[in-house]
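Structural description and commentary
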Amino acid sequence: MMGQESQAEIPLNHPRRVSLLTRARLTEGTRQGITSLDGLIAHGRGEAFDYLLGEKTGDFAARAIDTAAVLFLVARRPVISVNGNAAALVPRELAALSKLLGSPLEVNLFHASREREDRIRNQLLSHGAAQVLLPQQEFVLPYLESNRRFVNGQGIYRADVVFVPLEDGDRCEALIRSGRKVVTIDLNPLSRTSRKASITIVDNIIRALPLLVDRVTTLASEPNSALNNLLENYDNGLALREAEAALRRGADFSPPMNRA
């Protein structure tokens, strides 16, 4: 999605190249009507947490990724919810996960319009997605008043497990209250989403999604007994406490990184 011109402007040896490329994907997504301006603000907040995590995937996140992969594999009707930031940053990985699980992608936005929903759907299809659902006014998620209450009757409405990366807390809570399990990706372990979700991956989505796709691929051949054992032994509260402790210690940068 990001133009070659934008990539060429960032030197290959720039210490913040990955971060700048990520920002460029989001700003280009805004120009294309995929990402909202509010989404850019949310990303900036998340990036600050990522600095403190050392911009790497911690053990607590790796365990959460493994457990999330298992939960998706044992679920009856898993659904992957997609917002503008996720569609801009990891569309190919979302499409790959959807195909591996045989589960649909479903567009769900706080700042919603049919035009924007269609643009996100086309973005996902152009990166290999097989099935992308859009919200339907006749199917409503209880305990929620925002636009995100509208869901697809063949998707989130019927789902037992919902993957909601880069989520807002009120919908995560509504999904839990309505009897569904929720997996999220959130760089802030103190957020309402992180604390309400069944499994919280405290990591950057651009690192976590490829790892999640790999773990689903690997664990798909494991017997159900091994999968269930992993699920039973996972403690999301412990993972969040470890993530919070890592944030409070701050990143151990060596040498100090230049901030751009």
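A few points on the structure. (Residues numbered from 1 in each chain as written. Predicted model: local features only at pLDDT ≥ 70, side-chain atom pairs only at ≥ 80, totals over all residues. Heavy atoms only, no water.)

Our next topic: the packing of aromatic side chains. Considering all chains together, one arrives at two aromatic pairs under this definition. For the cation-ring pair, R177 lies above Y143, with the distance from its terminal atom to the ring centre recorded as 3.9 Å. (Phe/Tyr/Trp six-rings, centres within 6.5 Å; stacked < 30°, edge-to-face > 60°. Lys NZ or Arg CZ within 6 Å of the ring centre and 35° of its normal.)

A separate point is the environment of E138. With respect to the helices, strands and loops of the structure, E138 is situated in strand 4 (residues 136-140). Expressed as a C-alpha distance, the spacing of E138 and N152, which sit 14 residues apart in the sequence, is 8.5 Å. (Helix = DSSP H or I, 4+ residues; strand = E, 2+ residues; numbered from the N terminus.)

So, about the sheet that holds strand 2 (residues 105-107). In a beta sheet, neighbouring strands are held together by backbone hydrogen bonds and run either parallel or antiparallel to one another. Read across the open sheet, the six strands follow the order 3-2-1-6-7-8; overall the sheet is parallel. Each edge of the open sheet is held by one strand with a lone partner, namely strand 3 (132-133) and strand 8 (199-201). In this structure, strand 1 (residues 78-82) lies alongside strand 6 (residues 161-163), joined through three bridges in parallel fashion. From the neighbouring strand, P78 faces strand 6, where its bridge partner is V161. Along the sheet, helix 6 (residues 91-101) contacts strand 1, strand 2 and strand 6; its crossing angle with strand 1, the most-contacted strand, is approximately 165°. (Pairing = 2+ DSSP bridges. Contact = heavy atoms within 4.5 Å. Axes fitted to C-alpha atoms, helices over the stretch in contact; angles between N-to-C directions.)

Turning our attention to the packing of helix 6 against helix 10 (residues 205-219). Between helix 6 and helix 10, the least distance of the axes is 9 Å, while the angle of their chain directions is 20°. Classed by the angle they form, the pair helix 6 and helix 10 counts as roughly parallel. With respect to the hand of their crossing, helix 6 and helix 10 are arranged in left-handed fashion. Residue-level contacts link E93, L94, A96, L97, L100 and L101 of helix 6 to L209, P210, L212, V213, V216 and T217 of helix 10. (Parallel < 35°, antiparallel > 145°, perpendicular 65-115°, else oblique. Left-handed = near helix turned anticlockwise from the far one by under 90°.)

What follows deals with the pattern of salt bridges. One pass over the structure, following the stated rule, counts 12 salt bridges. A salt bridge links D50 to R207; its shortest N-O distance comes to 2.7 Å. Taken as a pair, D50 in helix 3 (residues 37-52) and R207 in helix 10 lie far apart in primary sequence, 157 residues in all. A relative accessible area of 3% means that D50 is categorised as buried. A salt bridge links R248 to E244, with the nearest nitrogen and oxygen atoms 2.9 Å apart. Of the two residues, R248 and E244 both sit in helix 12 (residues 236-249), four residues apart, roughly one turn of that helix. Among the residues examined, R248 registers a relative accessible area of 63% and is labelled exposed. Linked through salt bridges whose partners overlap, the residues forming this network are D50, D203 and R207. (Salt bridge = Lys/Arg side-chain N within 4 Å of Asp/Glu carboxyl O. Buried < 20%, exposed > 50% of the residue type's maximum accessible area, 1.4 Å probe, protein only.)

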